[in-house]
Amino acid sequence: MEKVKILSQYCKSCNLCVDICPKKILAIGDKSNQKGYFTVVCTDQEKCISCALCATVCPDVAIEVYK
Amino acid sequence: MEKVLMKGNEIIGEAAIRSGCKVFFGYPITPSTEVVEYLSAHMPKHGGTVLQAEDEIGAINMCYGAACTGTRVMTASSSPGVSLKQEGISYSAAVGLPMVIVNVNRCGPGLGGLGPAQSDYFQSTRGGGHGDYRTIVLAPSKAQELYDYTMMAFDLADKYRNPVLLLTDGFLGQTMEPVVLKERPEAPAVDRDWVVDGARGREKRVLASYSLTNEIGEANNLVWEAKYKDIQEKEQHWEEFYTEDAEYLLVSYGITGRICKSTVLNARKKGIKLGLIRPITLWPYPEKAFLPFKDKVKGIVTVELNTGQMIEDVKLSVECKVPVHLYRRQGGMLPTEHEILDYVENTFGIAAREV
Amino acid sequence: MEKIFGRSKGLTDVPFSFCPGCTHGTIMRLIAEVMEELDIIEDTIGISPVGCAGFSQNFFSCDFIGAAHGRAQAVGIGVKRSLPDRIVFTYQGDGDIAAIGTQHAIHAAARGEKITSIMVNNAIFGMTGGQMAPTTLEGMKTTTSPYGKDVSTTGYPIDLPRLIANLEGAVYVAAVSVDSPKNINQAKKAIKKAFQVQMAGLGFAFVSVLSTCPTNWGISPVDSLQWLRENMMPVYQMGELKVTEEVKSL
């Protein structure tokens, strides 16, 4: 089950979540959305601590967090 | 029905209250100031709100906000103040907001003077601000019409979702005259399914006027154009005075329209077949009024308090089939009924026949 | 698992039209969450003028009005004076509220108009392509100060919250930032307070939010946050600048 879910239609690849993630499990992926942005992916859901820092800084409200 | 003696500007205020106007935003400027003064004293007693804004721009944009909620709203100012309001009027026209704007015209350009003038005719009838839009313009010529047309203005604004301008002048505004305070005619039922008042149990609504897509922009313009054509078809209003057998016509509105009635009566005493068309709506211009006359009368004189502005609409209305001349005074001066008649006689070479 | 973070009901499902990394979106999220938490979405009418803020009507799920440049507060006052029981907020950029519309800000505060105004301060005109704003910092390069802002000819940055705080009718004035999770959470508290002030009918509430403009600053979104911290925060007074006794007891 995903703890961090990227709503890729909203993602603009700005990197703020990647930069803030304390576990360094977010990265710019290799798939682009309709707008042409390579959207963020979570590389290891197991390591996610559901701290929601990524969602807090995401300016496009493109991240859902589960605990 | 009460008959009372009131100052012109106060009559507008009383008519607004009796029209169900609930909010008024204004800024003092001579010679319109009595409107905000009267309403400040009386509107709160009727559950309304009057706010003296920080400036004219603030006042018109407050009207914009109030109109978005479907509340009957009015503002009043005089020429330089109305110039400042033009941006807000353009936005209001684009969103389709009903509101009444009173312009107690003073003479210009610039700061000008306080005397009666009709120098804002172009500004009033051609939209006035940026973009291609129109406001309905009503031109009262006496106290009773200040009252009646103010009421009419609110109903027209609601009916067409469009700003309505009441164009008067410092003479009418400052003169005390008797007026019958008629009860308000039944307001037409209007669709309020567009107002922004909180999305309680309905879809959210947006009132805005930008169109960043050219195709949408053109579609919007076509919608407005259709509305303006509808108004032009249905809302041309005018008064005729001794026109039936007229060989010559005066065309004049507002205070000079009233003076011209005396001119017509004097002419008739001298055997001159002079008549008067007094436009009540300046936009839409009452071109229908001229249909029976454009192949019939020998000449037309427009009487205006400007360099000749309405004369263009008269020439268009008669398709230049009749000679149209201008008699004008400016800078706050009013013509007498006699000097208008002298001009008519001299212009058309009429030898007066005493009867 | 329980969802602990998601899109607020205060937002529509329309993606923001802002450039990547622009923190306008963060501020909008906070407002939307505050409206949802206070259960006022259906009572609220938002107003935004032109500029980047001018697209707000697409993103908030409450009723919305688009105003002319600088006029959002005047329009908001027209709404509030007509419908005193509704909640009215304006969402304006610094180029708007601190320049072309400053008179309305000053007088809304002086009269204690019962509305909430949010100012987004990114020290630049964003939508028009990065021109100098009254909030532009000394030495800052913009398209109309290409050699760096010379304060001797173009003046000093206006700290609008400090001006507003001096006016009697302003009962809550805060200057916050959305550069870090901690500051974002503080910003949300300030925005919430500004709405609660209005719900209690106490007077004018004003929150200035320092925000980034990576595109027109010409730096990455991550670096923009650092630039904001290092350059803007020392110039603009931060924190709650004014909290009246009545507001404290809310």
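Residues numbered from 1 in each chain as written. Chains lettered and ligands numbered in written order. Predicted model: local features only at pLDDT ≥ 70, side-chain atom pairs only at ≥ 80, totals over all residues.

Per an unreviewed UniProt entry, chain C goes by the name 2-oxoglutarate oxidoreductase and belongs to Alkaliphilus serpentinus.

With an unreviewed UniProt entry as reference, chain B is termed 3-methyl-2-oxobutanoate dehydrogenase subunit VorB, source organism Alkaliphilus serpentinus.

> Can you help me understand the nonpolar core in this one?
Soluble globular proteins: nonpolar side chains tend toward being buried together. Within the largest apolar cluster, 211 residues are counted, with the highest numbers of intra-cluster contacts made by Cys54 of chain A together with Leu138 of chain B. A total of 10 residues in this core trace back to one element, the largest contributor, which is helix 6 (residues 143-160) of chain B. Shared between two domains, this core takes at least three residues from each, and those domains are domain 1 (2-234) and domain 2 (239-348) of chain B. For cysteine 54 of chain A, the residues in contact, after removing those within four places along its chain, are Val4, Cys17, Ile20, Cys21, Leu26 and Ile63 of chain A. (Core = buried A, V, L, I, M, F, W, Y, C linked by C-beta atoms within 7 Å. Buried ≥ 20, exposed ≤ 12 C-beta atoms within 10 Å, placed from the backbone. Helix = DSSP H or I, 4+ residues; strand = E, 2+ residues; numbered from the N terminus. Domains from an automatic or database assignment. Contact = placed C-beta atoms within 7 Å.)

> I keep staring at the sheet that holds strand 5 (residues 116-121) of chain C and nothing clicks. Help me out?
Within a sheet, each strand pairs with its neighbour through backbone hydrogen bonds, oriented either parallel or antiparallel. Read from one edge of the open sheet, 8 strands run 10(B)-3(C)-2(C)-4(C)-5(C)-7(C)-6(C)-8(C), paired in mixed fashion. A strand with exactly one partner marks an edge of an open sheet, and here the two such strands are strand 10 (206-207) of chain B together with strand 8 (239-243) of chain C. As judged from the 4 bridges shared by strand 6 (residues 170-177) of chain C and strand 8 of chain C, these two strands associate in the antiparallel manner. Along strand 8 of chain C, the bridge assignment pairs alanine 174 of chain C with glutamate 240 of chain C. (Pairing = 2+ DSSP bridges.)

> Explanation requested: the interface of chain C and chain A in the structure shown.
It is common to give the size of an interface as the accessible area lost on bringing the parts into contact. If you look at the interface, chain C gives 21 residues, while chain A gives 23 residues. Of all elements in the fold, only strand 1 (3-5), helix 1 (24-37), helix 8 (181-199) and helix 10 (221-232) of chain C reach the threshold of two or more residues within the side of chain C that touches chain A. When its residues are assigned to classes, the side of chain C that touches chain A shows 12 nonpolar, 5 polar and 4 charged. Alignment of strand 4 (residues 63-66) of chain A against strand 1 of chain C, held across 2 bridges, turns out to be antiparallel. (Nonpolar A, V, L, I, M, F, W, Y, C, P; charged D, E, K, R; others polar.)

> Quick question: what am I supposed to make of the sheet that holds strand 11 (residues 238-241) of chain B here?
Residues and elements named next belong to chain B. The 5 strands lie next to each other as 11-13-12-15-16, forming an open sheet whose pairing is mixed. Looking at which strands have only one partner, the edges of the open sheet turn out to be strand 11 and strand 16 (324-328). With strand direction ignored, the average angle separating the axes of adjacent strands in the sheet is 20 degrees. Summarising the sheet, strand 12 (residues 248-251) and strand 13 (residues 274-279) pair through 4 bridges and their orientation is parallel. Within the sheet, the bridge partner assigned to valine 251 lies in strand 13 and is isoleucine 277. Contacts between helix 11 (residues 337-348) and the sheet are confined to strand 12, strand 13, strand 15 (299-304) and strand 16, with strand 15 contributing the most and set at about 150 degrees to the helix. (Axes fitted to C-alpha atoms, helices over the stretch in contact; angles between N-to-C directions.)

> Honestly, helix 3 (residues 56-68) of chain B in this entry has me stumped. Any pointers?
In an α-helix, one turn spans 3.6 residues; hence positions three or four apart end up facing the same way. Residue and element names in this part refer to chain B. Between its first and last C-alpha atoms helix 3 spans 18 Å; for 13 residues at 1.5 Å apiece the expected length is 18 Å, and the two agree. Counting buried residues in helix 3 gives 13 out of 13 residues, a clear majority hidden from the surface. At the exit of helix 3 stands glycine 70, carrying a positive phi of roughly 80 degrees. (Expected span 1.5 Å × (residues − 1).)

> Would you mind showing me how to read the pairing of strand 13 of chain B here?
Looking down a regular strand, the side chains alternate between one sheet face and the other. Residue and element names in this part refer to chain B. Here strand 13 lies mainly inside the structure; 6 of its 6 residues are buried. On strand 13, burial covers both faces: Leu274, Leu276 and Arg278 on one face and Gly275, Ile277 and Pro279 on the other are all buried. Where strand 11 and strand 13 come together, 4 bridges link them in antiparallel fashion. What sits directly across from phenylalanine 241, in strand 13, is leucine 276. Remark: the strand 12/helix 9 (residues 254-269)/strand 13 crossover connection has right-handed handedness. (Right-handed = clockwise from strand over helix to strand, strands pointing away.)

> Teacher, can you tell me more about the arrangement of the chains here?
Of all 2 pairs of chains sharing an interface, the pair with the highest contact count is chains B and C. The two units chain A and chain B remain apart, with a minimum C-alpha distance of 18 Å.

> Before we go on, may I ask you to explain the interface of chain B and chain C in this structure?
The interface is formed by 32 residues belonging to chain B together with 28 residues belonging to chain C. Put simply, the parts of the chain that give the side of chain B that touches chain C at least two residues each are strand 2 (23-26), strand 3 (49-52), helix 3, helix 4 (79-95) and strand 10 of chain B. The element that contributes the greatest number of residues to the side of chain B that touches chain C is helix 3 of chain B, accounting for 8 residues. For the side of chain B that touches chain C, the class distribution of residues is 15 nonpolar, 9 polar and 8 charged. Note that strand 10 of chain B and strand 3 (residues 63-66) of chain C share 2 bridges and pair parallel. Bridging across to strand 3 of chain C, valine 206 of chain B finds its partner in phenylalanine 64 of chain C.

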